[in-house]
Amino acid sequence: MREGVSVKEFGVIKEIKKFVIKIEGLSNCMVGQLVNFTDDTKGFVIGFNEKEVLVLLLGSGGKIKANDIVYSEWQTFTIPVGDNFLRRIVNSLCQPLDGKSPVKEEAFYNIFRDAPSVLDRVPIDEMLQTGIRIIDSSIPIGKGQRELIIGDRMTGKTSIAVDTILNQKDKDVICIYCCIGRDYASFEKVVGVLAENGALDYTIVVSSLASSSIGEQYLAPYTAATLGEYFMYSGRDVFVVFDDLTKHAWAYREISLLLERPPGREAYPGDIFYLHAQLMERAGRLSPELRSGSMTFFPIADTLQGDIAGFIPTNLISMTDGQVYLNSTLFGEGFKPAIDLGLSVSRIGNKVQSEAMRELTKDVGLNYIQHRELLKATKLRAAVSEELNLRLRHGEKIEQLLKQDRFSPSPIAEQLILFYALKKGALDAIPDAKCEDFKKGIYAFAQENFPDLVKSLEEGKTMTADDRKRLNECIVQFFKE
Ligand code: ATP
Ligand code: MG
């Protein structure tokens, strides 16, 4: 229990409008402050009328009725944070949902804490390895960056976020998966995958399902960001996934309509932009005086029929440092992860990619886009020139390397070997099946026969002449065997 709670003042419930409660009294309260109902439910002040205080209910509040007494606490809205939340599933108030023991907190943080100021930040200078080849090669992400994952329903958005969490194993990055307004089945699937792969050891799950109260759905992303801030300010690297902010915007729209605030574009209240921008600002990399922690955000957003010009998608695109755009046509063609390289960008990551990786992959994305154009143009022609044929074959091999199954993150050394072979043209002439064997087997082969090379690739930022020599040997030997 929180110590030193001082009851500040009382109020009386005048009206209950679904999850918005109108209260008379509480004349000194502030927006964002917690209030307690007699049945132990909590709520927080979300606005005012001339005579009443408007409170958003956090919880079902089934027993609350008019004329009940409400009291407010002295503190602003804080939630418990700390190391012990790792491996746990909590709700928006940081109460455990996994049926295990209560969590001992290390501190209480303001849930609407201000983002670090410009002076507290330093430029992003380290890469967050996602283990997804197409992202690490063509849309690299920096630690402290905000990268929007956007696409239609069922295009693999959650899979990208989950794969990235799985890849942080033994990399000393704290992960937070925040589920907002999703159904229990998809939530359970994600938690199942994390547990199976031993990823829960370094992960906190914040859950506000579609069946949770609207208030909890509204708060969940702030809770996740606040839990992350605790680690960021203790000098750790944090990675947070918001799955997804479209549902968060829906929750806020519902609240705003009940508060009788005027709806704007697509019936969303205008200040949804401010709300999301304020949240996104909390990511970043801190200066050495603040112990150099970082927080990376992967907000997820839905589009309808590929329309990225919708209100929420355009808002989010404008307030993040790039987007990974998932295309349902590519998904249908079997190109998974279905990332559309033409519409995806990373405005920061390119600067922090290692020199070796940059050198090997700088034209992979462009070549692949050109390959798809070429494919369209040559579809109707029976015979193509030998030169064109070569280019098509190279494009096919790029496609083959960029395809990747879910839950099988690719270590950076493996990516370097694969892209090296691609760049040297070692794959162009071999049949697809053999290329598939190479993609699946080369890393294990290199680990066994060239352990020094793998170690050097993992550690080195640049590729030495010695590395190249051994890489050539390794690839030649693999095909010999
Ligand atoms: P939703 O809109 O429901 O949240 P989503 O966009 O998050 O969906 P996912 O749940 O990640 O999509 O994936 C949808 C389906 O796509 C999965 O069930 C999985 O079978 C398939 N899928 C996603 N990524 C891959 C991949 N890399 N390889 C193979 N299949 C994949
Ligand atoms: Mg999803």
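Going by the structure above, here's the rest.
(A) Representation of the overall build of the chain. From N to C terminus, the chain includes 15 helices and 19 strands. Here the C-alpha atoms of the chain give a radius of gyration of 25 Å, agreeing with the 23 Å that 2.2 N^0.38 yields for 481 residues. Judged by the C-alpha coordinates and their principal axes, the chain covers about 85 × 50 × 40 Å. The 481 residues of the chain split such that 56% are buried. Considering only residue pairs separated by 6 or more positions, the chain has 73% of its internal contacts joining residues 24 or more positions apart. Carbon and sulfur atoms form 52% of the exposed surface of the chain, whose accessible area is close to 21,300 Å².

(B) Spatial organisation of the pattern of salt bridges. Within the structure shown, the criterion is met by 29 salt bridges. One salt bridge in this structure joins D466 and R470, with 3.5 Å as the shortest N-O distance. Taken together, the residues D466 and R470, both in helix 15 (residues 465-480) and 4 residues apart, mark about one turn of the helix. Note on R470: relative accessible area 19%, which makes it buried. A salt bridge links R470 to D467, with the shortest nitrogen-to-oxygen separation between them at 3.3 Å. Taken together, the positions of R470 and D467, both in helix 15 and 3 residues apart, correspond to about one turn of that helix. Per residue, the accessibility class of R470 equals that of D467, and both read buried. Among the ionic contacts, a cluster of salt bridges with common partners joins D125, E126, K143, D237 and R285.

(C) Focus on the packing of aromatic side chains. All told, the structure shown has 19 aromatic pairs when counted by the stated rule. A ring pair is formed by F10 and Y71, whose centres lie 6.4 Å apart and whose planes are at 55 degrees; its orientation type is tilted. Residue F10 is found in strand 1 (residues 7-17), and its partner Y71 is found in strand 6 (residues 69-76); the two are separated by 61 residues along the sequence. A ring pair is formed by F445 and F478, whose centres lie 5.4 Å apart and whose planes are at 85 degrees; its orientation type is edge-to-face. Of the two residues, F445 sits in helix 13 (residues 432-449) while F478 sits in helix 15, which places them 33 residues apart along the sequence. Since its relative accessible area comes to 11%, F445 is described here as buried. Here the aromatic cluster, defined as three or more aromatic residues joined through ring pairs, consists of F44, F77, F112, Y218, Y222 and Y252.

(D) Structural detail: the site of ligand 1. Every one of the 14 residues lining ligand 1 counts as a neighbour, but R153, K157, T158, S159 and Q404 are closest to it. G156 places a polar main-chain atom, nitrogen or oxygen, 2.9 Å from an oxygen atom of ligand 1. At 2.9 Å from a nitrogen atom of ligand 1 is found a main-chain nitrogen or oxygen belonging to Q404. Of the residues forming the shell around ligand 1, the biggest block, 3 residues, is contributed by helix 2 (residues 157-167). A class-by-class count of the residues in the shell around ligand 1 yields 3 nonpolar, 5 polar and 6 charged.

(E) Highlighting the nonpolar core. Ranked by internal contacts, the top residues of the largest apolar core, which has 79 residues, are I23, F37, F77, Y218, L227 and F242. With 12 residues, the top contributor of residues to this core is helix 4 (residues 214-233). Setting aside chain neighbours within four positions, we find Y218 in contact with F44, L56, H248, A251, Y252, I255 and L275. Judged by nonpolar contacts, the second largest core, of 76 residues, contains I134, A199, L422 and C474.

What counts, and where the lines are drawn
Residues numbered from 1 in each chain as written. Chains lettered and ligands numbered in written order. Predicted model: local features only at pLDDT ≥ 70, side-chain atom pairs only at ≥ 80, totals over all residues. Heavy atoms only, no water. Helix = DSSP H or I, 4+ residues; strand = E, 2+ residues; numbered from the N terminus. Rg over C-alpha atoms; globule rule 2.2 N^0.38 Å. Buried < 20%, exposed > 50% of the residue type's maximum accessible area, 1.4 Å probe, protein only. Contact = heavy atoms within 4.5 Å. Areas by Shrake-Rupley, 256 points an atom, 1.4 Å probe, with all protein chains shown as cover. Salt bridge = Lys/Arg side-chain N within 4 Å of Asp/Glu carboxyl O. Phe/Tyr/Trp six-rings, centres within 6.5 Å; stacked < 30°, edge-to-face > 60°. Near = heavy atom within 4 Å. Polar contact = N/O pair within 3.5 Å; in protein donor to acceptor, adjacent residues only side chain to side chain. Nonpolar A, V, L, I, M, F, W, Y, C, P; charged D, E, K, R; others polar. Core = buried A, V, L, I, M, F, W, Y, C linked by side-chain atoms within 4.5 Å.

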